[in-house]
Amino acid sequence: MASVITSRYARAFADVVSSLNLAPATVLQQLYETVSVVNANPMLQRVWENPSIPAEQKRRLLDAIVERQQVSKTVRNFLAVLIDHRRVQQLAEIARQVESELNTRLGFAEADVTSARELSENEKRALEARIETMTGSKVRAHYATDRGILGGAIVKLGSTIYDGSVKGQLHRMKEQLAAE
């Protein structure tokens, strides 16, 4: 669940991306690459969060990473704001919120799909087409596997969950039998 703070940063940055007509996919790629760098270097996060380290030193470190990662000035400036406000520990959540905000503005519905096995590209396209028909929106799906659902799939769209898993069907049958 997104906090008010992360949502505020995400909306503000999505406003900047939209107003400058930046390519959302490029911006998101750069943000997620930075998340990977921070996650791979816990010391980096500690430095950026430490109030006793001068802001100028933190920005020099950011600029070295930005240059190596070929991050745009807009993304770099957003990261500098997060560093200045000691929000680096929330960077991954903010990046996810930015993605969600941009997808909403572009008319995409985000779907989290969990299946018992890896789906083929044809199965993914067919499932996404069904979701698009249900929602009336283009779909950006994120896939995961969980052998515990036995078969079928669970689709989460916002706060709505469609449980087409074998495990879910067995649970519903058990409830019906218990109610009779």
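Residues numbered from 1 in each chain as written. Predicted model: local features only at pLDDT ≥ 70, side-chain atom pairs only at ≥ 80, totals over all residues. Heavy atoms only, no water.

**Student:** Residues and numbers for the packing of aromatic side chains, please.
**Tutor:** By the definition in use, this model includes 1 aromatic pair. The positively charged end of Lys 124 is found above the aromatic ring belonging to Tyr 143, 4.8 Å away from the centroid. (Phe/Tyr/Trp six-rings, centres within 6.5 Å; stacked < 30°, edge-to-face > 60°. Lys NZ or Arg CZ within 6 Å of the ring centre and 35° of its normal.)

**Student:** Describe a nonpolar patch on the surface, listing the residues and the values that go with them.
**Tutor:** Taken together, the side chains of Leu 150, Val 166, Leu 170 and Met 173 define a hydrophobic patch exposed on the protein surface, amounting to about 370 Å² of accessible area. Tracing the sequence through the fold places Val 166 in helix α8 (residues 166–179). Among the residues examined, Val 166 registers a relative accessible area of 33% and is labelled partly exposed. (Patch = residues over 30% accessible without salt bridge, like charges linked within 9 Å, V, L, I, M, F, W, Y side chains within 5 Å. Areas by Shrake-Rupley, 256 points an atom, 1.4 Å probe, with all protein chains shown as cover. Salt bridge = Lys/Arg side-chain N within 4 Å of Asp/Glu carboxyl O. Helix = DSSP H or I, 4+ residues; strand = E, 2+ residues; numbered from the N terminus. Buried < 20%, exposed > 50% of the residue type's maximum accessible area, 1.4 Å probe, protein only.)

**Student:** How would you sum up helix α6 (residues 91–105)? Please name residues and give values.
**Tutor:** Compared with an ideal rise of 1.5 Å per residue, which puts 15 residues at 21 Å, α6 spans 21 Å between its outermost C-alpha atoms and is within 8% of the ideal. Within α6, burial applies to Leu 91, Ile 94, Ala 95, Val 98, Glu 99, Leu 102 and Asn 103. Packed against the buried residues of α6 are α1 (4–19), α2 (24–40), α5 (73–84), β1 (108–115) and β2 (138–145). Among the residues trailing α6, Gly 107 stands out with phi positive, at a value near 85 degrees. (Expected span 1.5 Å × (residues − 1). Contact = heavy atoms within 4.5 Å.)

**Student:** Any chance you could break down the pairing of strand β3 (residues 153–157) for me, citing the residues and the numbers?
**Tutor:** Of the two faces of β3, only the one carrying Ala 153, Val 155 and Leu 157 is buried; Ile 154 and Lys 156 on the other face are not. Note that β1 and β3 share 5 bridges and pair antiparallel. Paired with Val 113 across the bridge in β3 is Val 155. In this structure, β3 lies alongside strand β4 (residues 160–163), joined through 4 bridges in antiparallel fashion. When the bridges of β4 are listed, Ile 154 appears paired with Asp 163. Between β3 and β4, which pair antiparallel and follow one another directly, the connecting turn spans 2 residues, one of which, Gly 158, has a positive phi of 60 degrees. (Pairing = 2+ DSSP bridges.)

**Student:** Now, about the nonpolar core: what can you tell me, with residues and values included?
**Tutor:** Counting 29 residues, the largest nonpolar core has Phe 13, Leu 31, Trp 48 and Val 98 as its most contacted members. Counting residues per element, the ones that place at least two in this core are α1, α2, α3 (42–49), α4 (55–69), α5 and α6. Other than its neighbours up to four places away in sequence, Phe 13 contacts Val 27, Leu 31, Thr 74, Val 75, Phe 78 and Val 98. Grouped together as the second largest cluster of nonpolar side chains are 11 residues, Ala 109, Leu 119, Val 139 and Val 155 included. (Core = buried A, V, L, I, M, F, W, Y, C linked by side-chain atoms within 4.5 Å.)

**Student:** Let's hear about the packing of α2 against α5: which residues, and what values?
**Tutor:** Direction vectors running N to C along α2 and α5 enclose 45 degrees, while the axes themselves pass 10 Å from each other. Compared by their axis directions, α2 and α5 come out oblique. In this structure, the crossing between α2 and α5 has a hand that is right-handed. Of the residues in α5, those touching α2 at Val 27, Gln 30, Leu 31 and Thr 34 are Val 75, Phe 78 and Leu 79. Per-class residue counts for the contact of α2 with α5 are 5 nonpolar, 2 polar and no charged. (Axes fitted to C-alpha atoms, helices over the stretch in contact; angles between N-to-C directions. Parallel < 35°, antiparallel > 145°, perpendicular 65-115°, else oblique. Left-handed = near helix turned anticlockwise from the far one by under 90°. Nonpolar A, V, L, I, M, F, W, Y, C, P; charged D, E, K, R; others polar.)

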